[in-house]
Amino acid sequence: MKTENQKAWFFVLPVLLLVAFNALIPMMTVVNYSVQETFGDNVFFWQGLDWFEQILRSERFHASLGRQFMFTFLILIIEVPLGIAIALSMPRSGFWVPVCLVLMALPMLIPWNVVGAMWNIFALPDIGLLGYFLNHVLGIHYDMTQDPIAAWVTIITMDVWHWTSLVVLLSYAGLVSIPDAYYQAAKIDGASNWSVFRFIQLPKMKTVLTIAILLRFMDSFNIYTEPFVLTGGGPGNSTTLLSIDLVKIALGQFDLGPAAAMSLIYFAITLLVSWLFYTLMTKDDLN
Amino acid sequence: MQKRSIVPILYILFLMLPIYWLVAMSFKTTNEILSGFSLFPQTFTLDAYRTIFTDPTWYWGYINSILYVSINTVISVAVALPAAYAFSRYRFLGDKQLFFWLLTNRMAPAAVFALPFFQLYSAVGIFDTHLAVALAHCLFNIPLAVWILEGFMGGVPKELDETAYVDGYSFPRFFVTIFIPSIKAGVGVAAFFAFMFSWVELLLAKTLTAVAAKPIAATMTKTASSAGYELGLLAAAGTLTIIPGAIVIYFVRNYIAKGFAMGRV
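Parameters at a glance
Residues numbered from 1 in each chain as written. Chains lettered and ligands numbered in written order. Predicted model: local features only at pLDDT ≥ 70, side-chain atom pairs only at ≥ 80, totals over all residues. Contact = placed C-beta atoms within 7 Å. Helix = DSSP H or I, 4+ residues; strand = E, 2+ residues; numbered from the N terminus. Nonpolar A, V, L, I, M, F, W, Y, C, P; charged D, E, K, R; others polar. Pairing = 2+ DSSP bridges. Domains from an automatic or database assignment. UniProt positions renumbered as here; feature names shortened; annotations may be inferred. Expected span 1.5 Å × (residues − 1). Buried ≥ 20, exposed ≤ 12 C-beta atoms within 10 Å, placed from the backbone. Axes fitted to C-alpha atoms, helices over the stretch in contact; angles between N-to-C directions. Parallel < 35°, antiparallel > 145°, perpendicular 65-115°, else oblique. Left-handed = near helix turned anticlockwise from the far one by under 90°.

### Focus: the interface of chain B and chain A
So, point 1. Listed as interface residues are 81 residues of chain B and, on the opposing side, 72 residues of chain A.
So, point 2. No other element matches helix H13 (residues 231-257) of chain B, which puts 15 residues into the side of chain B that touches chain A.
So, point 3. Within the side of chain B that touches chain A, the residues separate by chemical class into 64 nonpolar, eleven polar and six charged.
So, point 4. Where strand S1 (residues 3-4) of chain A and strand S1 (residues 90-91) of chain B come together, two bridges link them in parallel fashion. Looking across to S1(B), one finds that A:Glu4 is bridged to B:Arg91.

Written out as structure tokens, the structure is:
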């Protein structure tokens, strides 16, 4: 068991100071903006909670929040099972393992604006590989700058391409940590593939899957650069996710008050959902 | 067994297609790109790469990015090591709350913090330095490094610590010469993730720099807008941003394969 030791705080102090400097001061600035109104020249007026009320009632916010949940839901429901399936079908050892892992990790190490730009030129209707293939070989009309469904399919595919490997790598790490003896025991008992998965592999992957799902939730909920470069939020507002909308309000219209209030609401939602995930998935460990 | 390997093969093929397209495009002339579809470069050219390697505004972008990413990786892992040790070995007032609070910083959308970060780092007087970007990226990299390292440290039996003390090791000497080497794989994985998230993040990096520490991404967006749409150049610059990442994965490939043992408790 862990020993009680208050001096441990000294070990945590550097981390605490660095993160607090980066987190608390900017957060206070945002809180400050969120309750005031400004007409420039550094003159501010107390506004109270008006901005929060305005944002919570605005249909524009509801719409982008809905799109955001839709996006996060879709990518989680595709990436998590797909990632597990790929990890399960990978060889456990041998020459090909590092090769597979290196190739799979590659998309995650490409800067986010390059990912967006890359998928943009990949999907161009007449000169991109994907666009050309769909339009001229399969004969499906595909133009993501015109058609909202095509735009959605493209951003989802891009995210699956970009991040499924994270789930694969983490699940795989959980799988290789299972001792062979477990499988032998299962074989002797005549366990089916499904029960091996359900009672041996899945429990062993639980910790890493928690990390993977939480990371994917947080990062997809905050996604900005890739869809912004790929579709710019269009056509119309069909792919304007929460972050894109926020930047439009903050820097496009320079409405700092509403943007700050929206940031805080946004942050609170992310926090709440992550906390729910975190408690639900670590519940058994605490007991 | 053999039939199963079709899944990873198909998946890797899917991953490689857009990358192939980017690389192929970087060897094409602008004319060829815009005039129509071609699977392979018809008139193979290295012009785009020549431009990047001879123009200081281009290649300095790469140097700047590599500098701040390296500083960030070193800071993140260095301060995360003792903190992760504290979380993995001791109970102290507010430990659980602190751990969750650290994680919450990964949840803050960078878009929210761009403007306040700009104001903060201007006020401190390090705007447009590599250090500014490196420190700002600590916001999300330190929590992740602590999380990963704590997982690895949990796998090291406590008897190791106790034996070392009985043998008369002081804490710093034990930590540096015995403990850290025993979680080498964890340090590798943590450094890999720190490098990765700092290398790919651009919003803050762009906001916190102007000229002296401008990252490659900012150079790319600027060129894309000022020179019309030079797809070949953009593709070449993009291709070159993949290389540092590829080198880093190559170095940690064995840790990823064997290690990555978070949760191996």
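### A closer look at the domain arrangement of chain B
All names here are of chain B.
So, point 1. On domain assignment, one finds that chain B holds domain 1 (1-45) and domain 2 (55-257).
So, point 2. Put simply, the middle of domain 1 and the middle of domain 2, counted by C-alpha atoms, are 31 Å apart.
So, point 3. On the domain 2 side, the residues contacting the eight residues of domain 1 number seven residues.
So, point 4. Elements with a contribution of two residues or more to the side of domain 1 that touches domain 2: helix H1 (6-26) and helix H2 (30-35).
So, point 5. With four residues, the top contributor of residues to the side of domain 1 that touches domain 2 is H1.
So, point 6. In the side of domain 1 that touches domain 2, the residues fall into four nonpolar, three polar and one charged.

### Section: the UniProt feature "transmembrane region" (unreviewed entry) in chain A
All names here are of chain A.
So, point 1. In the numbering used here, UniProt assigns the "transmembrane region" (unreviewed entry) feature to residues 9-31, 69-88, 95-112, 118-138, 150-173 and 260-281.
So, point 2. For the annotated span residues 69-88, helix accounts for 100% and strand for 0% of the residues, and the straight-line distance between the end C-alpha atoms is 28 Å.
So, point 3. From the first C-alpha to the last, residues 118-138 spans 22 Å; its make-up is 71% helix and 0% strand.

### Observations regarding helix H5 (residues 112-123) of chain A
So, point 1. With twelve residues, H5(A) extends 17 Å between its outermost C-alpha atoms, agreeing within 8% with the 16 Å of an ideal straight helix rising 1.5 Å per residue.
So, point 2. Buried residues dominate H5(A), accounting for twelve of its twelve residues.

### Some points on the packing of helix H4 (residues 56-89) of chain B against helix H10 (residues 184-200) of chain B
Residues and elements named next belong to chain B.
So, point 1. Across the interface, H4 lies against H10 with an axial gap of 9 Å and an inter-helix angle of 140°. When the interaxial angle is binned, H4 and H10 end up oblique. Seen from above, H4 lies across H10 with right-handed handedness. Side by side, H4 and H10 meet where Ser65, Val69, Asn72, Thr73, Ser76, Val77 and Ala80 of the first sit next to Val187, Ala190, Ala191, Ala194, Phe195, Ser198 and Trp199 of the second.
So, point 2. Partitioning the contact of H4 with H10 into residue classes produces nine nonpolar, five polar and no charged.

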